[in-house]
Amino acid sequence: MGSSSLVLGHLSLVVTVPPKRWKTLSSTPIYTNKWTQLREDIAELPDGRTTLYGVVTFGQCVGVLPFLDDDRIVMVRQYRYVQRENHRWEMPTGGVLAGEASEAAAQRELREEIGYSAGRLEWISSYYTSKSVCDETAHLYIGYDLTPAALPPDETEFLEIAIMPFTAVLDMVLQSEIRDGMTVIAVLHAARLRGWKPT
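Note that the structure is predicted; figures quoted are calculated from it, not measured. (Residues numbered from 1 in each chain as written. Predicted model: local features only at pLDDT ≥ 70, side-chain atom pairs only at ≥ 80, totals over all residues. Heavy atoms only, no water.)

*Asks:* Quick question: what am I supposed to make of the pattern of salt bridges here?
*Replies:* A pair can form between side chains of opposite charge whenever their charged atoms are brought close. All chains considered together, the criterion is met by 12 salt bridges. The partner of R72 in a salt bridge is D69, with the nearest N and O atoms 2.7 Å apart. A relative accessible area of 30% means that D69 is categorised as partly exposed. One salt bridge in this structure joins D71 and R194, with 3.7 Å as the shortest N-O distance. Pair noted here: D71 is in the loop between β5 (50-66) and β6 (72-77) and R194 is in the segment after α3 (181-193), with a separation of 123 residues, a long-range link. (Salt bridge = Lys/Arg side-chain N within 4 Å of Asp/Glu carboxyl O. Buried < 20%, exposed > 50% of the residue type's maximum accessible area, 1.4 Å probe, protein only. Helix = DSSP H or I, 4+ residues; strand = E, 2+ residues; numbered from the N terminus.)

If you want it as structure tokens, here you go:
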């Protein structure tokens, strides 16, 4: 059975059966470093055919939108090698270490990137950064009650730090000047929590 339709007035509700699972027949590691693993799977489709499927695993990552006070947030920017850009702002983000809780990773990234810790972290979203060939889950927080608490920075990061009005950051998101997915989602969640409604 595939689906059935139920008509309620002018609304049509389609009730479906979830798609059948694929079966992994084999998995071959192709490449690995301390950030990334690439593997190649042979997967059996629901109709019995097989397909080659490449999967890139990044694991867990975190992002924190840090409010210095009610109206200002701390942002960073750095050279992003893949996009060849150094002018776009983003919030502090980074990977979760093995055995590390996401909240602890969020606090560590704050201390490494902007020299603060958050007295309170508010979880706002967990999502898949790419649902198709990448295995990565991002956990997003808003950080409040910041206090100075610096850690040595990551040895590969060369960061510029700025304090910006939240309204300016929201405008950069809406104008697509900020393109980092974690930052975009966090800023829109924060705007919603602050009562902002798109026009």
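*Asks:* What exactly am I supposed to notice about a nonpolar patch on the surface here?
*Replies:* Judged by side-chain polarity, L25, I42 and L52 come together as a nonpolar surface patch covering roughly 250 Å² of accessible area. Residue classification places L25 among the partly exposed positions, given a relative accessible area of 42%. (Patch = residues over 30% accessible without salt bridge, like charges linked within 9 Å, V, L, I, M, F, W, Y side chains within 5 Å. Areas by Shrake-Rupley, 256 points an atom, 1.4 Å probe, with all protein chains shown as cover.)

*Asks:* Help me understand the side chain of T57, please; the structure alone is not making it clear to me.
*Replies:* Locating T57 in the fold gives a position in strand β5. Leaving out residues up to four positions away in the same chain, T57 has contacts with W35, T36, Q37, R39 and D135. (Contact = heavy atoms within 4.5 Å.)

*Asks:* What's the story with the layout of surface pockets in this structure? I'm lost.
*Replies:* Take a probe with the size of a water molecule and roll it over the atoms, and the empty space left behind shows itself. Taken as a whole, the largest pocket holds about 1,800 Å³ of empty space. Its residues placed into classes, the lining of the largest pocket shows 13 nonpolar, 12 polar and 15 charged. Approximately 330 Å³ is the volume attributed to the second largest pocket. In this structure, the second largest pocket is lined by 14 residues; those nearest its centre are R39, D41, Y53, V55 and S132. When residues of the lining of the second largest pocket are traced back to their parent elements, those giving at least two are β3 (23-32), β4 (37-44), β5 and β9 (134-148). Here the element with the most residues in the lining of the second largest pocket is β4; it accounts for three residues. (1 Å grid on protein atoms, 1.4 Å probe; cavity = no way out; pocket = protein on both sides within 12 Å on 5 of 7 lines; lining within 4 Å. Points joined across faces, edges and corners; volume = space filled by probe spheres on them. Nonpolar A, V, L, I, M, F, W, Y, C, P; charged D, E, K, R; others polar.)

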